[in-house]
Amino acid sequence: MLIDKDTRVPGVLHNKEFENWLLKDNFIKVHPGLTIGSSKLGGIGLFFNQDKDAGVKDDILARIPKDATFDYMGLLQILEGLKEDEKDQEAEGEEVAESSIITAVLKSVQPTNETEILTCYFIGLRICYNRRYLTEMNTESPLSKFDPYLNVLAHTEVLGLPQEDVGYEDEFIRKLRANAERLHEEYNELIEDLEHVHPCLTFEEYYQLCGAIKSRVLEIPHSSETEEDYYTNITLIPLLDFANHLNSSRSHAYFDVDKSTNDVLLKLNRLRMPQGIFEITISYSTTESIQHFIETYGFIPESNDFQLLEYRISPDVCNHHINAIMNTSGQPYDKIMKWLRILPQFQLVKSSDDIFVNLFSNSLPLIFIDGLQYDDKWTENAYESFKEFNEIELSHEEFTQSVLPMLQHQESDYDFINAIGQIGVVCNKEFPTQESILQVSNYDSDEAFQLLISKCNSFIVNVAHTVLDAKPPSSSTKSFSQMTTSYYQVQHTFFLALVEKYDKTKDISLPIELAKDEWETEYRSAPKQITLN
């Protein structure tokens, strides 16, 4: 029995029917010791009973056929097949074809990546599901075979909607709220485009599917036909997507692809196999970034391995602490950063017993160069600078009316100021760029740069004290509020450890031997910027 009779899988009414859907309808093969059950890590998980391993000794716990998985190419084939089936059916009245609904969703949302493409297909499938079960039209459909999985997606635990004010926000919490608002706008446009389709779906259903698919997809490797290299497909894999996460140093299993059949395999790592019955875990990501896990999977991982936490500093906090360290008064360092293309953020790297500031590929120390002055009269030089930078001719009136307001808008609302030379910051009577500022300011020696890092670390610790003094979020039973509280607590754990270490050693910089390229390239937030054409 794959699913114990006492296990309640969200979205599954009858365990035996869902088990038959997995094993018989989709031809998934499983090890006799593999079961689905309730997990201490949260929700549902996969388990292995070592007592049922005798005589088998097969490292393959599950074999999921390619046709039982969902990637963008497979879903396209399903859509094309549906269109062919509908051609053979006689049109009845003005009934809307199910293929046209899925196509309309893709056209309305205009997905930009594989995860969004999969989401569009399943939103279309959900609308077709609602039309079949909320009305009596078209009750028989080839799409009915996806209903069991649709119901699992509809009940997957996701990050709740940010509907209430919990009295605590930082840049990441604001980003989550902005994402929810973007999805709501996307949904409203979809409903307008599908005004002829009734019933459709609610925003709560739309938000649920977006979160569920984002949290359940995996990157499945495939061999390239022409190269020794491989490529990955973003894929939904029934059964395998019940496996919970542990970091790569502790997980008990991993997934692979049978090159001869393209079946997806869940394989046991016998070197890490505990005794008795234990939960099968896989690693969702080799790097545990707190914000990435919340945004993608809806939870904060528990780990003894390295974890990353990025923190973005507000303009007021930046200006207050940097002015104090530099013995200046009233300098708008937040604006200086924008002209010098310095992001007001840093990354913390924490293990079970240590913590560091990762300043690799981070230009934040440059803000502590002596003598930086904001030129509040930069608009007087902007016209000539814009023409020279872009090598174009335009009238002063045209510049004043159309270009200058956009440059000012960038300075007030964006991270970087594009489409013009650096004319907002003066140092030693010059207007240096980020690339030239160390030489212009005479900080181009190793000793001088270490001084900048020392001041930067002091600044980060001062920011940490500000964070630790912040009022905690208000308590609530709602999902988003609970996540915000958990995030606040983890953030405090990081910053408290940083302050304690700094008080003891003053040495909090990440050593180069611990640094990883992906920490700088994949887990740093990109600047908010626009390009003027």
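Refer to the structure above for everything that follows.
Residues numbered from 1 in each chain as written. Predicted model: local features only at pLDDT ≥ 70, side-chain atom pairs only at ≥ 80, totals over all residues. Heavy atoms only, no water.

Asks: So what's going on with the overall build of the protein chain? Which residues, and what values?
Replies: In terms of helices and strands, the protein chain carries 16 helices and 16 strands. Across its three principal directions, the C-alpha atoms of the protein chain cover 75 × 60 × 55 Å. When burial is assessed residue by residue, the protein chain has 51% of its 533 residues classed as buried. Counted over contacts in the protein chain with a minimum sequence separation of 6, partners at least 24 positions apart contribute 70%. Here the protein chain displays about 27,200 Å² of accessible surface, and carbon together with sulfur accounts for 48% of that area. (Helix = DSSP H or I, 4+ residues; strand = E, 2+ residues; numbered from the N terminus. Buried < 20%, exposed > 50% of the residue type's maximum accessible area, 1.4 Å probe, protein only. Contact = heavy atoms within 4.5 Å. Areas by Shrake-Rupley, 256 points an atom, 1.4 Å probe, with all protein chains shown as cover.)

Asks: Got a sec to walk through the packing of helix 9 (residues 315-326) against helix 14 (residues 446-468)? Specific residues and values, please.
Replies: Taken N-terminus to C-terminus, the directions of helix 9 and helix 14 make an angle of 135 degrees; their axes are 10 Å apart at the nearest point. As summarised for this structure, helix 9 and helix 14 are arranged oblique, according to the angle between their axes. As for how helix 9 packs across helix 14, the hand of that crossing is right-handed. Here Val317, Cys318, His321, Ile322, Ile325 and Met326 of helix 9 lie close against helix 14, whose contacting residues are Lys455, Ser458, Phe459, Asn462, Val463 and Thr466. Residue composition of the contact of helix 9 with helix 14, by class: seven nonpolar, four polar and one charged. (Axes fitted to C-alpha atoms, helices over the stretch in contact; angles between N-to-C directions. Parallel < 35°, antiparallel > 145°, perpendicular 65-115°, else oblique. Left-handed = near helix turned anticlockwise from the far one by under 90°. Nonpolar A, V, L, I, M, F, W, Y, C, P; charged D, E, K, R; others polar.)

Asks: Mind laying out the packing of aromatic side chains, listing which residues take part and the relevant values?
Replies: As enumerated under the stated definition, the model contains 26 aromatic pairs in all. Between Phe18 and Phe242, the aromatic rings sit 6.3 Å apart at their centres with planes inclined by 80 degrees, giving edge-to-face as the arrangement. Note that Phe18 is positioned in helix 1 (residues 15-25) and Phe242 in the loop between strand 6 (230-235) and strand 7 (244-245), a separation of 224 residues in sequence. By relative accessible area, which is 6% here, Phe18 ends up buried. An aromatic cluster of at least three residues, connected via ring pairs, comprises Phe18, Trp21, Phe70, Phe122, Phe146, Tyr149 and Phe242. If you follow Lys506 out to its NZ or CZ, it ends over the ring of Tyr502, 4.9 Å from the centre. Looking at Lys528, its charged tip hangs above the ring of Tyr414, at a distance of 5.1 Å from the centre. (Phe/Tyr/Trp six-rings, centres within 6.5 Å; stacked < 30°, edge-to-face > 60°. Lys NZ or Arg CZ within 6 Å of the ring centre and 35° of its normal.)

Asks: How would you summarise the packing of helix 14 against helix 15 (residues 479-505) if you had to cite specific residues and measurements?
Replies: Between helix 14 and helix 15, the shortest axis-to-axis distance is 9 Å and the interhelical angle comes to 135 degrees. Comparing the axis directions of helix 14 and helix 15 gives the class oblique. The crossing of helix 14 and helix 15 is left-handed. Residues Asn457, Ser458, Ile460, Val461, Ala464, His465, Val467 and Leu468 of helix 14 pack against Gln491, His492, Phe495, Leu496, Leu498, Val499 and Tyr502 of helix 15.

Asks: Tell me about the nonpolar core, residues and numbers included.
Replies: With 150 residues, the main nonpolar core has Ile36, Phe122, Tyr206, Ile280, Ile367 and Phe459 as its most contacted residues. At 10 residues, the largest contribution of residues to this core is made by helix 14. Contact partners of Phe122, with chain neighbours within four places excluded, come to Phe70, Leu75, Tyr149, Leu150, Leu153, Leu209, Ile213 and Leu236. Within the second largest apolar cluster, six residues are counted, among which are Val349, Phe356, Leu510 and Trp519. (Core = buried A, V, L, I, M, F, W, Y, C linked by side-chain atoms within 4.5 Å.)

Asks: Tell me what's going on with the pattern of salt bridges, and back it up with residues and numbers.
Replies: Under the defined criterion, the tally for this structure stands at 20 salt bridges. Salt-bridge contacts for Asp6 lead to Lys5; the nearest nitrogen and oxygen are separated by 3.6 Å. Residue classification places Asp6 among the exposed positions, given a relative accessible area of 57%. Residue class for Lys5 comes out exposed when judged on its relative accessible area of 57%. Lys83 is the partner of Glu80 in a salt bridge, and the nearest nitrogen-oxygen pair spans 3.7 Å. (Salt bridge = Lys/Arg side-chain N within 4 Å of Asp/Glu carboxyl O.)

Asks: Account for the environment of Val197, naming residues and giving values.
Replies: Summarising the element assignment, Val197 is placed in the loop between helix 6 (171-193) and helix 7 (203-216). You can call Val197 buried: its relative accessible area is 1%. For Val197 and Gly330, which are 133 residues apart along the polypeptide, the C-alpha to C-alpha distance reads 58 Å.

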